[in-house]
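Here are the chains, one letter per residue:
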Amino acid sequence: MRLFAAVLPPEDAVRELGAAVDELRRLPEADELRWTGRPGWHFTLAFYGEVDESLVPELSARLERAAQRTDPFPLALHGGGHFGGRALWAGAAGDVGTLRLLAERAEAAARKAGLPTEQHHRYRPHLTIARSRADADFGPYVAALSAFAGREWTVGELCLVRSNLPVAGIAGEQPRYEAVGRWGLGSARARD
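Residues numbered from 1 in each chain as written. Predicted model: local features only at pLDDT ≥ 70, side-chain atom pairs only at ≥ 80, totals over all residues. Heavy atoms only, no water.

Engineer: Explanation requested: the overall build of the protein chain in the structure shown.
Structural biologist: Secondary structure assignment for the protein chain yields four helices and ten strands. Along the protein chain, helices (α) and strands (β) appear in the sequence β-α-β-β-α-β-β-α-β-α-β-β-β-β when read from the amino end. In terms of C-alpha radius of gyration, the protein chain reaches 17 Å, essentially the compact-globule figure of 16 Å for 192 residues. Each principal axis of the C-alpha atoms in the protein chain carries an extent, and together these give about 50 × 35 × 30 Å. Across the 192 residues in the protein chain, those meeting the buried criterion constitute 44%. Pairs at least 24 residues apart make up 79% of the contacts formed inside the protein chain by residues separated by at least 6 positions. (Helix = DSSP H or I, 4+ residues; strand = E, 2+ residues; numbered from the N terminus. Rg over C-alpha atoms; globule rule 2.2 N^0.38 Å. Buried < 20%, exposed > 50% of the residue type's maximum accessible area, 1.4 Å probe, protein only. Contact = heavy atoms within 4.5 Å.)

Below you can see the structure in the form of structure tokens.
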């Protein structure tokens, strides 16, 4: 199964960002972008790719330990940026240092569970809101997002998410995401 570790923003934070994204979708040439679906909005901490089901219990146990070693922390959706001309994203504000630490721990959990991991890059918190097949000029979108500041919430859990890629080949079809594990941060016990 195709898996990644993530922090999922609460529904009211998604609604706030959704209102800002609705405005972005009115900008010129916005219809040329592939906008991500709100139900799938997340901060990826570590991408694991295809994981053999036999490794999931060990990975889950290690993610639970990572969650227990990380205290809950404040976070907010804030501003935005882009990766080249291919991806537009919303950024984060608040305790970004702890978010980075949680990402490092989620990556370490994979290594310790025996999953191959990619070369480590400094974690850059982002929530992808649009993609482009060709190089796009995201300047106007980033400028419009620069004033966006969502409300702060407390990140209280680490999630293991399964990505179900589209198979029908229907234009505009989005991946579906489902949390297959959730662990409370701090001393909270694991929940399924």
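Now that the structure is up, let's keep going.
Engineer: Where do I start with a negative patch on the surface in this structure?
Structural biologist: A cluster of acidic residues, E29, D31, E32 and D137, forms a negative patch at the surface. Relative to the helices and strands, E32 resides in the loop between α1 (11–24) and β2 (34–35). (Patch = residues over 30% accessible without salt bridge, like charges linked within 9 Å, V, L, I, M, F, W, Y side chains within 5 Å. Areas by Shrake-Rupley, 256 points an atom, 1.4 Å probe, with all protein chains shown as cover. Salt bridge = Lys/Arg side-chain N within 4 Å of Asp/Glu carboxyl O. Lys, Arg positive; Asp, Glu negative; His and termini not counted. Charge placed at Lys NZ, Arg CZ, Asp CG, Glu CD.)

Engineer: In this structure, what is going on with the sheet that holds strand β5 (residues 87–94)? I would like to understand it.
Structural biologist: Each strand in a sheet pairs with its neighbour through backbone hydrogen bonds, running either in the same direction (parallel) or in the opposite one (antiparallel). The strand order across the open sheet formed by five strands is β2-β6-β5-β4-β7, and the pairing between neighbours is antiparallel. The strands lining the two open edges of the sheet, one partner per strand, are β2 and β7 (153–155). The strands touched by α1 are β2, β4 (73–83), β5, β6 (127–131) and β7; relative to β6, the strand with the most contacts, the crossing angle is about 25°. Relative to the sheet, helix α3 (residues 96–112) contacts β4 and β5, its axis offset from that of β4 by approximately 80°. (Pairing = 2+ DSSP bridges. Axes fitted to C-alpha atoms, helices over the stretch in contact; angles between N-to-C directions.)

Engineer: Looking at this structure, how should I read the nonpolar core?
Structural biologist: Grouped burial of nonpolar side chains is what soluble globular proteins tend to show. By size, the foremost hydrophobic cluster in this structure holds 49 residues, and its most contacted members are L45, Y48, L59 and L63. Apart from the residues lying within four places of it in its own chain, the contact partners of L59 are L3, Y48, A109, A110, A113, L115 and L160. (Core = buried A, V, L, I, M, F, W, Y, C linked by side-chain atoms within 4.5 Å.)

Engineer: What exactly am I supposed to notice about α1 here?
Structural biologist: Its 14 residues give α1 an end-to-end C-alpha distance of 20 Å, which sits within 8% of 20 Å, the value for a rise of 1.5 Å per residue. All of the buried residues in α1 are A13, V14, L17, G18, A20, V21 and L24. Lining the buried residues of α1 we find β2, β4, β5, β6, α4 (139–145) and β7. (Expected span 1.5 Å × (residues − 1).)

Engineer: Where do I start with unusual backbone geometry in this structure?
Structural biologist: For E29, which is not glycine, the phi torsion reads 70° and is therefore positive. Locating E29 in the fold gives a position in the loop between α1 and β2.

Engineer: Explanation requested: the side chain of S60 in the structure shown.
Structural biologist: Note on placement: S60 falls in helix α2 (residues 56–68). Take S60: its relative accessible area is 17%, and that puts it in the buried class.

Engineer: In this structure, what is going on with the confidence of the model for the protein chain? I would like to understand it.
Structural biologist: Segments scoring low in pLDDT should not have their predicted coordinates read at a detailed level. Here the protein chain averages 91 in pLDDT, and 91% of its residues register 70 or above. Note that pLDDT drops below 50 for residues 188–192; the model gives that stretch eight contacts with residues more than four away or on any other chain. (pLDDT = per-residue confidence, 0-100.)

Engineer: Looking at this structure, how should I read the packing of α2 against α3?
Structural biologist: A pair of packed helices is characterised by two quantities: the angle between their axes and the separation of those axes. Packing of α2 against α3 leaves a shortest axis separation of 9 Å and a crossing angle of 150°. Classified by the angle their axes make, α2 and α3 are roughly antiparallel. Crossing of α2 against α3: the hand is right-handed. Every residue of α3 that contacts α2 at L59, R62, L63 and A66 is listed here: L102, R105, A106, A109, A110 and K112. (Parallel < 35°, antiparallel > 145°, perpendicular 65-115°, else oblique. Left-handed = near helix turned anticlockwise from the far one by under 90°.)

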